[in-house]
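Here are the chains, one letter per residue:
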Amino acid sequence: EVYWQPWDKENRRTDLKWPASKDYDMRFDCAEVDGDLDCRKGNWGNDRRVIKNFFNRVSYHLFFSTKKPSVRSVDDVLNGHWLISDMYQRTLSSSPAPAPSRDASDAEDFDFSP
């Protein structure tokens, strides 16, 4: 559910000025702090919770059974105003790590003789 909050990607925090609608989960008030998601409130209530290393994880297992916003296309998600949209944009704009070389000329020469 945290993924569907309205997200201000410029200020890296919940967009509390975004108009409420069924497509956004308005229960959250979070900010990115040093890679963590620091929330003053959320779907758990008004207690502060910090989700450590939220923005620096390698992957997420995304499944949505309680919140299903009206999304018709991949572009809707990528260009949306949700936290998940910003996460996808960051991931897709990152340069992938170079693949390991399979070229034999890049291999180091080792001398295995006794």
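Predicted model only: the values in this text are computed from it and were never measured.

### Things to note about the packing of aromatic side chains
Link 1 in the chain: Considering all chains together, one arrives at seven aromatic pairs under this definition.
Link 2 in the chain: Geometrically, the ring pair formed by Trp4 and Trp82 is edge-to-face, given 5.1 Å between the ring centres and 90 degrees between the ring planes. Within this pair, whereas Trp4 is found in the segment before β1 (7-8), its partner Trp82 is found in the loop between α1 (74-78) and α2 (83-93), the two being separated by 78 residues in sequence. Grouping residues by exposure puts Trp4 and Trp82 together as buried.
Link 3 in the chain: Ring plane angle 75 degrees and centroid distance 5.0 Å describe the contact between Phe54 and Phe55, whose orientation is recorded as edge-to-face.

### Details of the pairing of strand β4 (residues 36-41)
Link 1 in the chain: As paired elements, strand β3 (residues 29-33) and β4 share five bridges and run antiparallel to each other. Bridge pairing links Ala31 to Asp38 in β4.
Link 2 in the chain: The turn linking β3 back onto β4 is made up of two residues, and Asp34 within it adopts a positive phi angle of 50 degrees.
Link 3 in the chain: Sheet topology places β4 next to strand β5 (residues 49-51); three bridges connect them, and they run antiparallel. Bridging from a neighbouring strand, Cys39 pairs with Arg49 of β5.

### A few points about the pattern of salt bridges
Link 1 in the chain: Across all of its chains, the model carries 10 salt bridges by this definition.
Link 2 in the chain: The partner of Arg40 in a salt bridge is Asp29, and the shortest N-O contact between them spans 3.9 Å. Residue Arg40 is found in strand β4, and its partner Asp29 is found in strand β3; the two are separated by 11 residues along the sequence.
Link 3 in the chain: Across the salt bridge formed by Asp38 and Arg48, the nearest N and O atoms sit 2.7 Å from each other. One end of the pair, Asp38, is in strand β4; the other, Arg48, is in the loop between β4 and β5, and 10 residues separate them in sequence.
Link 4 in the chain: Classification of Asp38 as buried rests on a relative accessible area of 17%.
Link 5 in the chain: Using a relative accessible area of 59% as the deciding quantity, one classes Arg48 as exposed.
Link 6 in the chain: One continuous salt-bridge network, built from bridges that share partners, spans Arg12, Glu32, Asp86 and Arg90.

Thresholds, definitions, all that
- Residues numbered from 1 in each chain as written.
- Predicted model: local features only at pLDDT ≥ 70, side-chain atom pairs only at ≥ 80, totals over all residues.
- Heavy atoms only, no water.
- Phe/Tyr/Trp six-rings, centres within 6.5 Å; stacked < 30°, edge-to-face > 60°.
- Helix = DSSP H or I, 4+ residues; strand = E, 2+ residues; numbered from the N terminus.
- Buried < 20%, exposed > 50% of the residue type's maximum accessible area, 1.4 Å probe, protein only.
- Pairing = 2+ DSSP bridges.
- Salt bridge = Lys/Arg side-chain N within 4 Å of Asp/Glu carboxyl O.

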